[in-house]
Structure formats: structure tokens, C-alpha cells
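Letter by letter, the chains look like this.
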Amino acid sequence: MNLTSDQQIFWQHGFVKLNGTIVTTWAMMILMSIGAKLVTRRLATEGPISRWQGSLEIIITGIEKQISDVGLSEPKKYLSFLGTLFLFVAACSLCIVIPGYQPPTGSLSTTAALALCVFIAVPLFGIREQGLGGYLKTYTKPTFIMLPFNIISELSRTLALAVRLFGNMMSGVMIVGILLTITPFIFPIVMTALGLLTGMVQAYIFGILATVYVAAATQVRKPSQKSQH
Amino acid sequence: MDNSILIAVVSIATAGITIGIGCMCPALGEGRSVATALTSLAQQPDASATITRTLFVGLAMIESLAIYCFVVSMILIFANPFWTHAIAQSGGK
């Protein structure tokens, strides 16, 4: 049984392999970018707007509201990064309804790449907001003793992000595969529907966790006057 | 009993124990957190957005522990490195 779509190899030439993960990832990327290009080709600000523009606007304003709810006061600055993460993971898990499709997020390579993006982007956002010194100082808060623990948590949460998404998506595919051998007729469909729900929840969680990490790195904590007394 | 049978027995038994314990403890934790969240939702319905978001993030954190156990048991059953090693050795003889 294939544990991930990494083992599904289409083409191989020496060291270079073209496996199922790469193919589906590129297909999703092309689909999403061409779709976005087609929708945004005729944008209207007044009069009747097209249905596609309306749905895209709902998605974008929804993501913006979520980002600002977490505590980032200027969501537009972070929308491109965090929105892309959420939309990619969500689209990958939504396409489970296509027969024969294995989600690229069910491979540890993809999720590790996404988690590494978060791992690199969080310090970059932090340095842009607070400056290099200000960002490095957040590692020694609340006291200097916490420095090694802060560094360990930075690494372990990256690992957790990658393994959580991988485990959830892989388990969905795996459960359907096992059920197909036991009760092949209706029950796998129910589990696929449940897999759609878990996929959306995981996409939301991935996005919201990345947002929380960015918010923790960028917020400049000013000592408030009220807490003095 | 040769090496490969021993490895198979230990792997399968460990996978079962792993997923058993690894589901039980996070389930207790998730139950506690959902119950507390429901209590606070009933007390303060105005703060439902914040409570729900924090609950989801917390549930994801707890659930990732169960997912770790699941990944380990899946590796033990389907992609066991020791098993592959034993098979390769017995095939080489």
C-alpha cells in the first residue's frame, strides 16, 4: 500500500524523479493561479459584479477578518503569505472529491516545505516590524533563562506544523484505503466526506497557527499605563 | 523463531499499544477542553468568536499528539525500517 504519493513515480531519469506529489502540486498551483487570473480579469467596482468576483471577495475579506481578529492590526501586509498558505492547503484537501487524486499535503515533503516557509517568514516579519535587535530581544522574554526554551519551541512547533498536517491528510487517505478492502460499497464515501471536513479544519488550523506565530513575533509590547496600579 | 518473525510480532503489538494509549490520553484532554469551552460559551455568549478560535487552536495542539502516535504506528506497520533491513538480509543469503 502506498503510504504517500511520493511512492507513485511517473518518470525517472537517474537521480531526478517525477513523483505524484510534484505533479499534483504543480497541477494545483497552475489551476489556482489560472483560476485567480481568470476571475480578476474583469473586475468591477460599481454595477453588477460577477459571481466569481463576489465569491473571491468573500474569501479574501473572510481571511482578512480572521487575521485581524488574531491581533495583527494591518492584515493587508500579511494577507499574501498567510492567505496563500490557507488557500493552498484548503484547495488541496477540497480536491479529494476527484477520483484517483491523492492530496499533495499527504506527503511529508510538502508539509515540511510549508512549515519551513512559516519558520523562515516569522523572523522576517518580526525583524521588519521591530528591527533586528528588537526581534532578538523577544527571545529573552520574560527572563533571560527562557532563551533556550524559546529556541526549542521555535523548532518544535515547526516540526509539529509539518507532522500534524501530514498525519491528518495521510490518515484520511489511509482509512479510505483500508475500508475499501473491508466494506467496499458505501462506508468509504462517508469517510471521504468526513475527510473533506477534516481537510478544511486542518487548513484553517494551519493558517490560524501561522497567523498566531506571526502575531507573536511582530507585536511590540508597550508597557501600558493602566497596569501600573 | 528467527529475526523477521520477532520483528513483525514486536512491531504489530507496539503499533496497537501506541495507537491505543495515544488515542486515550488526548481524548481525555480534548473532552475536558471542550467541556470547559462549552461552559464558558454558556456564561459569555458574546465572546463566542474568541473562545471558538482558541478552542480550535488548542484542540489542534492536543490532537497533534494523537496524530504523532498514529504516524508512529503507521510507520511501524507499513514502512518499518528494521523489517526492511531483515528482509534485505534474508534475501541476500
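The structure displayed is predicted, hence computed values, not measured ones.

Here is what the cut-offs are and how they apply
Residues numbered from 1 in each chain as written. Chains lettered and ligands numbered in written order. Predicted model: local features only at pLDDT ≥ 70, side-chain atom pairs only at ≥ 80, totals over all residues. Contact = placed C-beta atoms within 7 Å. Helix = DSSP H or I, 4+ residues; strand = E, 2+ residues; numbered from the N terminus. Nonpolar A, V, L, I, M, F, W, Y, C, P; charged D, E, K, R; others polar. Core = buried A, V, L, I, M, F, W, Y, C linked by C-beta atoms within 7 Å. Buried ≥ 20, exposed ≤ 12 C-beta atoms within 10 Å, placed from the backbone. pLDDT = per-residue confidence, 0-100. Pairing = 2+ DSSP bridges. Axes fitted to C-alpha atoms, helices over the stretch in contact; angles between N-to-C directions. Parallel < 35°, antiparallel > 145°, perpendicular 65-115°, else oblique.

*Asks:* Can you walk me through the interface of chain A and chain B in this structure?
*Replies:* Quoted interface sizes are often the accessible area lost when the parts come together. Chain A puts 14 residues into the contact, and the matching count from chain B is 13 residues. Those elements giving two or more residues to the side of chain A that touches chain B turn out to be helix H5 (147-182) and helix H6 (187-218) of chain A. Ranked by the residues each element gives to the side of chain A that touches chain B, the list is headed by H5 of chain A, at seven residues. Here the residues of the side of chain A that touches chain B are counted per class, giving nine nonpolar, three polar and two charged.

*Asks:* Just checking my understanding: could you explain the nonpolar core for this structure?
*Replies:* One recurring pattern in soluble globular proteins is that nonpolar side chains are buried together. Leu85, Val89, Phe206, Leu209, Ala210 and Val214 of chain A are the most contacted members of the largest nonpolar core, which totals 34 residues. Residue assignment for this core shows that the elements contributing at least two residues are helix H2 (51-70), helix H3 (75-94), helix H4 (108-137), H5 and H6 of chain A. Top element by residues in this core is H6 of chain A. It accounts for nine residues. In this structure, Ala66, Cys69, Phe70 and Val71 of chain B belong to the second largest nonpolar core, which totals five residues.

*Asks:* Help me understand the confidence of the model for chain A, please; the structure alone is not making it clear to me.
*Replies:* A low pLDDT means the predicted coordinates there should not be read in detail. Residue and element names in this part refer to chain A. When the pLDDT values of chain A are averaged, the result is 85; 94% of them are 70 or greater. Confidence, read as mean pLDDT per element, is least for strand E1 (residues 9-13) in chain A (78) and greatest for H3 (92). Low pLDDT, under 50, characterises residues 223-229; the predicted model gives this stretch zero contacts beyond four residues in sequence or across chains.

*Asks:* When you look at the confidence of the model for chain B in this model, what are you seeing that I'm missing?
*Replies:* Residue and element names in this part refer to chain B. Confidence along chain B averages 87 in pLDDT terms, with 97% of residues attaining 70 or more. The element-level mean pLDDT for chain B is lowest in helix H3 (residues 81-92), coming to 80, with helix H1 (residues 3-43) highest at 93. Two summary scores accompany this predicted model of the complex, namely pTM at 0.82 and ipTM at 0.70.

*Asks:* What is the right way to read the pairing of strand E2 (residues 16-19) of chain A from this model?
*Replies:* Successive side chains on a regular strand alternate, one facing one side of the sheet and the next facing the other. All names here are of chain A. By the bridge criterion, four bridges tie E1 to E2 in an arrangement that is antiparallel. If you follow tryptophan 11 over to E2, its bridge partner there is leucine 18. The turn linking E1 back onto E2 is made up of two residues, and glycine 14 within it adopts a positive phi angle of 65 degrees.

*Asks:* What is the right way to read the packing of H5 of chain A against H6 of chain A from this model?
*Replies:* The description of two packed helices rests on the angle between their axes and on the distance between the axes. Residues and elements named next belong to chain A. At a minimum axis distance of 10 Å, the contact between H5 and H6 shows a crossing angle of 175 degrees. Regarding the angle of H5 to H6, the classification is roughly antiparallel. Facing Leu161, Leu165, Asn168, Met169, Gly172, Ile175, Val176, Leu179 and Leu180 of H5, the residues of H6 in contact are Phe187, Pro188, Met191, Thr192, Gly195, Thr198, Gly199, Gln202, Phe206 and Leu209. Residues of the contact of H5 with H6, tallied by class, amount to 12 nonpolar, seven polar and no charged.

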